[in-house]
Amino acid sequence: SQQGEEDPQALSIQEGENATMNCSYKTSINNLQWYRQNSGRGLVHLILIRSNEREKHSGRLRVTLDTSKKSSSLLITASRAADTASYFCASFSYNNNDMRFGAGTRLTVKP
Amino acid sequence: GAGVSQSPRYKVAKRGQDVALRCDPISGHVSLFWYQQALGQGPEFLTYFQNEAQLDKSGLPSDRFFAERPEGSVSTLKIQRTQQEDSAVYLCASSLRERPITQYFGPGTRLTVL
């Protein structure tokens, strides 16, 4: 079964706007990662945040982690049409060495 | 260098047929994972190898599913007596170290069982 939930399930915005996606997970983790998937393709790693970190930036991406609420958010600033894809969070625990993915948010950025 | 490759990219099988899906990980990567992704869902963990050892197969949905990585490189996921509910995209990922922090995914094999 999926580890967590992503919210919203689908998001449609105009180019230049910011996109925020949220993710919740169920068990304790060592890190949480965000991946992107274009239609019909494999997943591409975007960013990793460790359990002792609260915020991390990479280019136009900003990730936050709240371990007390078991939740994370991904913010994409100044979105572009090329950002259109599905975005998945994945929680990772050293206990079982596997990643648990959420159901994903399908982002559409209109030009 | 080359990324993770999977073959075939698409497979159509009649219910009851056996299928074999291949994954070529990035050269030198120790860890290899298989995931099943249903339409509109996130990937679900199937099994994990560290070199040739299958350390976790808790995600395999039934005993019809079998995975191997005999020489610690290429891996094959075999599904026997396929059922319609096996229709999904099967993703393979590899990671450099024993603790697979960042995984590199292949493009997947889309299996359709008629």
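So, here is what we can say about the structure in this document. (Residues numbered from 1 in each chain as written. Chains lettered and ligands numbered in written order. Predicted model: local features only at pLDDT ≥ 70, side-chain atom pairs only at ≥ 80, totals over all residues. Heavy atoms only, no water.)

All names here are of chain B. In this structure the tally under the stated criterion is five salt bridges over all chains. Ionic pairing is found between Asp24 and Arg22, a salt bridge with its closest N-O pair at 2.7 Å. Residue classification places Asp24 among the partly exposed positions, given a relative accessible area of 22%. Note that Asp86 and Arg64 form a salt bridge whose closest N and O atoms lie 2.8 Å from each other. Taken together, the residues Asp86 in the loop between β8 (75-79) and β9 (88-95) and Arg64 in the loop between β6 (53-56) and β7 (65-68) connect sequence positions 22 residues apart. Arg64 gets classed as buried once you look at its relative accessible area, which sits at 11%. (Salt bridge = Lys/Arg side-chain N within 4 Å of Asp/Glu carboxyl O. Buried < 20%, exposed > 50% of the residue type's maximum accessible area, 1.4 Å probe, protein only. Helix = DSSP H or I, 4+ residues; strand = E, 2+ residues; numbered from the N terminus.)

What follows is about the sheet that holds strand β3 (residues 19-24) of chain B. All names here are of chain B. Read across the sheet, four strands follow the order β1-β3-β8-β7 without closing on themselves; strand pairing throughout is antiparallel. Since the sheet does not close on itself, it has two edges, and those belong to β1 (5-7) and β7, each with one partner. The average undirected angle you get between the axes of adjacent strands in this sheet is 15°. In this sheet, β3 lies alongside β1 in antiparallel orientation, the contact comprising three bridges. Along β3, the bridge assignment pairs Ser7 with Arg22. (Pairing = 2+ DSSP bridges. Axes fitted to C-alpha atoms, helices over the stretch in contact; angles between N-to-C directions.)

Looking now at the packing of aromatic side chains. Using the criterion set out here, one finds 10 aromatic pairs over all chains in the structure. Summarising the aromatic geometry, the rings of Phe101 of chain A and Phe105 of chain B are spaced 6.0 Å apart at their centres and angled 80° between planes, so their arrangement reads as edge-to-face. Taken together, the residues span two chains, with Phe101 of chain A in strand β10 (residues 98-101) and Phe105 of chain B in strand β10 (residues 104-105). Each member of the pair, Phe101 of chain A as well as Phe105 of chain B, carries the same accessibility label: buried. With a centroid separation of 6.1 Å and 20° between ring planes, the pair formed by Phe33 of chain B and Tyr35 of chain B is classed as stacked. Using a relative accessible area of 0% as the deciding quantity, one classes Phe33 of chain B as buried. Members of the aromatic cluster, connected to one another through ring pairs, are Tyr35 and Phe101 of chain A together with Phe33, Tyr35, Phe45, Tyr48 and Phe105 of chain B. (Phe/Tyr/Trp six-rings, centres within 6.5 Å; stacked < 30°, edge-to-face > 60°.)

One widely used convention gives an interface's size as the accessible area the parts lose upon coming together. At the interface, 23 residues of chain A touch 22 residues of chain B. Summing the contributions of chain A and of chain B, the shared interface buries around 1800 Å²; its carbon and sulfur component is 52%. Across the contact surface, chain A and chain B share zero salt bridges. Remark: the boundary between chain A and chain B carries two residue pairs in polar contact (both at pLDDT 80 or more). For the side of chain A that touches chain B, the element with the most residues is strand β4 (residues 31-37) of chain A, which contributes four residues. Taken together, the residues of the side of chain A that touches chain B break down into nine nonpolar, 11 polar and three charged. (Contact = heavy atoms within 4.5 Å. Buried area = accessible area lost by both parts, 1.4 Å probe. Polar contact = N/O pair within 3.5 Å; in protein donor to acceptor, adjacent residues only side chain to side chain. Nonpolar A, V, L, I, M, F, W, Y, C, P; charged D, E, K, R; others polar.)

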